[in-house]
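# Report on the structure
Spelled out from the first residue to the last, the chains are:
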Amino acid sequence: MPTVSARIVSALQPVAAEVFGVMGNGNAHFLDAVMALPDHLHYTAVRHEAGAVAAADAYYRARGRLAVATTTYGAGFTNALTPLAEAAQAGIPLVLVVGDAPTTGPRPWDVDQVQMAKALGVTTFTVSATRPLEVTAQAVDHALRDREPVVLAIPYDLAGVDAAEEAAPVQAPPPAFHQPAPDDVEQVAALLSAAERPLVLAGRGAWLSGARDAARGLAQRTGALLATSGLGAGLFGDDDAALGIAGGWASDRTADLIAQADVVLVLGAGLNQFTTRFGHAFHTAAHVIQVDVAGASTSPVVTRFVRADARTAAEALLAALPARQNDRWRDAVDSRNAHAARPDGDALAPDGRLDPRSLCRVLDRLLPEDRAVVQDGGHFIGWAPGYLRVPAPNRLIMVGTAYQTIGLGFPSAVGAARALPDQTLVLCTGDGGGLMALADLDSFIRTARRAVIVVFNDAAYGAEIHQYAVRGIHSGPMMIDEVDFAALASALGATGTTIRTLEDLDGVADWLASDDDGVLLLDCKVSQQVVAPYMQEIVAVATGAK
């Protein structure tokens, strides 16, 4: 008779193909059942429990399909809390399968995992010996319907016991699209018709709902310009009216045009403080209409909220609006390549280290266009979205931005590597986040088919330097001794190269031209003196200068 763990695996197998984890006492039987189905479930071992959740998170962002993370109980579970909080805040569905205290009661080393998960906004589903199939199906349905992570807990004394006979659970229907109310369509259409300078701003929700074509058609019909949130980067490709990313990562040209819009239609974007530039991105008199499946608007800049799926709302508006023939804003301004209109930077900064702007300009030319960019968190996060082109939203993967954490770059790249095996992966990390996640540098090197790791190594926690040292806070705790990441990568089986000048990048072109599989790490010695514009804006807001 199948065990409880085997029943859980059989319920996960139709909806997930990837499992990321670290084996321990609490999930040994579960992983044994996973390994019994190698043609259906692929297991990737990571080196730290946080990496399991970060990899499953990134897999969904890149592939759009549920993935499973797994850890043991106790310390294994608590090690995974930070990426679990990130997934919860970012709205990423995944299933974290964990061991838990036995049904006879907690042991001295057990903690209340259910309450810990609840504190993060994550629901726990605890299986029993009588209903493992049903409970697992409920957990999966909750994750997909509500777009959030769930914990599936296996009491330690049940993991290897025989499960009772159980009928196969009825598969839940896919979640229904939220249709816009007719009054909302009529009133938003009226605002767009009257707009002189309309803008359509789309986010990850627009990508997930398949709203790209309807959004582009809507912009064409109304004469609107197009922009995206950071998580929607690449949605509109090379459309002549596309301004690129809005907010703190916008070029000056993009930001100026966005600030001129009198009606902003926001499709499936959360409008966080970075997208809105702390409330200063849009003109104070602009009508900001947010269309989202959330229960209410997510920003005080919103003047009208429409609860609806981005695609169905855009299609309804497209059907309700006549084509504008004259006075089209997109025809009156030169918006081409607005996103790329940003400083090229110098070959070297005044301190003799690399200018990250010129570094990224050269990398953008060298790297293949069919790329996926994975980012850790840190000050350097301002460079890649501004300078490295991505072909679609699922090719810019940033696990950590919702919770504002660092140290998830290497493990999230593991999930991206499994989700996008045919693309060249470009992993951007800082030295602080890279050291924090160092255990899973090994995992990434083992998993990636072909990848380039760019370490923005400024020998510091750059975000803290630029936010606090400039205000007189002692910089000692913000500094990091210079680390030789190239040597670390070489020791783990990758090719490691130290980049001190732009000429040192010549070997990157040769490596890329070779078509050899493997991982190339570039230990780029960048300056602390070049500050990303988004960071300057954060400091200005914090100090009251803006």
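Above this text is the structure in question.
Below, the structure is looked at part by part. If you're wondering where the values come from, they're calculated on a predicted model, not measured in any experiment.

## Description of the overall build of the chain
- Of regular secondary structure, the chain possesses 22 helices and 18 strands.
- Whereas a compact globule of 546 residues would reach a radius of gyration of roughly 24 Å, the chain reaches 24 Å, a difference of no more than 12%.
- Dimensions of the chain, computed from C-alpha atoms along their principal axes, come out at roughly 70 × 60 × 50 Å.
- Counting across all 546 residues of the chain, residues that qualify as buried make up 56%.
- In the chain, 77% of the contacts between residues at least 6 apart in sequence involve partners at least 24 apart.
- Here the chain displays about 21600 Å² of accessible surface, and carbon together with sulfur accounts for 51% of that area.
- In the chain, 40 positive and 60 negative side-chain charges are present, and the distance between their average locations comes to 5 Å.

## Describing the sheet that holds strand E11 (residues 287-292)
- Spatially, the six strands line up as an open sheet ordered E9-E8-E7-E10-E11-E12, and their pairing is parallel. Single-partner strands in this sheet number two, and they are strand E9 (242-245) and strand E12 (304-307). Direction aside, neighbouring strands of the sheet carry axes that sit 20 degrees apart on average.
- The sheet contact formed by strand E7 (residues 198-202) and strand E10 (residues 263-267) spans five bridges and is parallel. Considered in E10, the bridge of Leu-199 is made with Val-264.

## Considering empty space enclosed by the protein
- Counted by the stated rule, this structure contains two cavities of 30 Å³ or more.
- Put simply, the parts of the chain that give the lining of the largest cavity at least two residues each are helix H3 (49-63), helix H9 (204-209) and strand E14 (396-398).
- Across the lining of the largest cavity, the residue classes break down as eight nonpolar, one polar and two charged.
- Estimated volume of the second largest cavity: approximately 50 Å³.
- Every residue lining the second largest cavity is listed: Pro-180, Asp-184, Val-185, Val-188, Leu-265, Val-291, Val-306, Ala-313 and Leu-317.
- At three residues, the largest contribution of residues to the lining of the second largest cavity is made by helix H8 (residues 182-194).
- The residue makeup of the lining of the second largest cavity, split by class, is eight nonpolar, no polar and one charged.

## Points about the packing of aromatic side chains
- This model, assessed by the stated rule, comprises five aromatic pairs.
- When the centroid spacing of 5.8 Å and the interplanar angle of 90 degrees are considered together, the rings of Tyr-73 and Tyr-156 count as edge-to-face. Here Tyr-73, found in the loop between strand E3 (68-71) and helix H4 (75-79), pairs with Tyr-156, found in the loop between strand E6 (149-155) and H8; they are 83 residues apart in sequence, far enough to count as distant.
- Taking NZ or CZ as reference, Arg-107 lies 5.0 Å from the ring centre of Tyr-156, over its face.
- The ring of Trp-511 has Arg-450 sitting right over it, with the charged end atom 4.8 Å from the ring centre.

## Observations regarding the nonpolar core
- Counting residues in hydrophobic clusters, the biggest one holds 57 residues, and the most contacted among them are Leu-96, Val-151, Phe-444 and Ile-453.
- The biggest single contributor to this core is H3, with nine residues.
- With residues near it in sequence (within four places) discarded, Ile-453 still touches Phe-410, Leu-427, Leu-441, Phe-444, Val-519, Leu-520, Leu-521 and Leu-522.
- Among the nonpolar cores identified, the runner-up in size contains 41 residues, and Ala-384, Leu-388, Ile-499 and Ala-532 belong to it.

## Points about the side chain of Glu-537
- Relative to the helices and strands, Glu-537 is located in helix H22 (residues 533-542).
- Residues contacting Glu-537, with those up to four places away along its chain left out, are Gly-248, Arg-277, Phe-278 and Lys-546.

## Things to note about the pairing of strand E17 (residues 495-499)
- Sheet topology places E17 next to strand E18 (residues 518-525); five bridges connect them, and they run parallel. Counterpart to Thr-498 in the pairing with E18 is Asp-523.
- The parallel pair E17 and E18 is bridged by helix H21 (residues 506-513), and the resulting crossover is right-handed.

## Details of the environment of Leu-265
- Turning to its location among the elements, Leu-265 is positioned in strand E10.
- The class for Leu-265 is buried, based on a relative accessible area of 0%.
- With 205 residues separating them along the chain, Leu-265 and Tyr-60 place their C-alpha atoms 27 Å apart.

## Some words on the packing of H8 against helix H12 (residues 310-320)
- Relative orientation of the contacting elements H8 and H12 amounts to 65 degrees, with a least axis distance of 10 Å. As for the relative orientation of H8 and H12, their crossing is right-handed in sense. When H8 is examined against H12, the residues Val-185, Val-188, Ala-189 and Leu-192 are found in contact with a partner set consisting of Ala-316, Leu-317 and Ala-320.
- Each residue belonging to the contact of H8 with H12 can be placed in one class, and the counts come to seven nonpolar, no polar and no charged.

## Some points on helix H14 (residues 356-366)
- Where burial is concerned, most of H14 is hidden: eight out of the eleven residues are buried.
- Taken residue by residue, H14 has Pro-356, Ser-358, Leu-359, Cys-360, Arg-361, Val-362, Leu-363 and Asp-364 as its buried positions.
- The secondary structure elements touched by the buried residues of H14 are strand E13 (371-375), helix H15 (384-387), strand E16 (450-457) and E18.

Each value, and the rule that gives it
- Residues numbered from 1 in each chain as written.
- Predicted model: local features only at pLDDT ≥ 70, side-chain atom pairs only at ≥ 80, totals over all residues.
- Heavy atoms only, no water.
- Helix = DSSP H or I, 4+ residues; strand = E, 2+ residues; numbered from the N terminus.
- Rg over C-alpha atoms; globule rule 2.2 N^0.38 Å.
- Buried < 20%, exposed > 50% of the residue type's maximum accessible area, 1.4 Å probe, protein only.
- Contact = heavy atoms within 4.5 Å.
- Areas by Shrake-Rupley, 256 points an atom, 1.4 Å probe, with all protein chains shown as cover.
- Lys, Arg positive; Asp, Glu negative; His and termini not counted.
- Charge placed at Lys NZ, Arg CZ, Asp CG, Glu CD.
- Pairing = 2+ DSSP bridges.
- Axes fitted to C-alpha atoms, helices over the stretch in contact; angles between N-to-C directions.
- 1 Å grid on protein atoms, 1.4 Å probe; cavity = no way out; pocket = protein on both sides within 12 Å on 5 of 7 lines; lining within 4 Å.
- Points joined across faces, edges and corners; volume = space filled by probe spheres on them.
- Nonpolar A, V, L, I, M, F, W, Y, C, P; charged D, E, K, R; others polar.
- Phe/Tyr/Trp six-rings, centres within 6.5 Å; stacked < 30°, edge-to-face > 60°.
- Lys NZ or Arg CZ within 6 Å of the ring centre and 35° of its normal.
- Core = buried A, V, L, I, M, F, W, Y, C linked by side-chain atoms within 4.5 Å.
- Right-handed = clockwise from strand over helix to strand, strands pointing away.
- Left-handed = near helix turned anticlockwise from the far one by under 90°.

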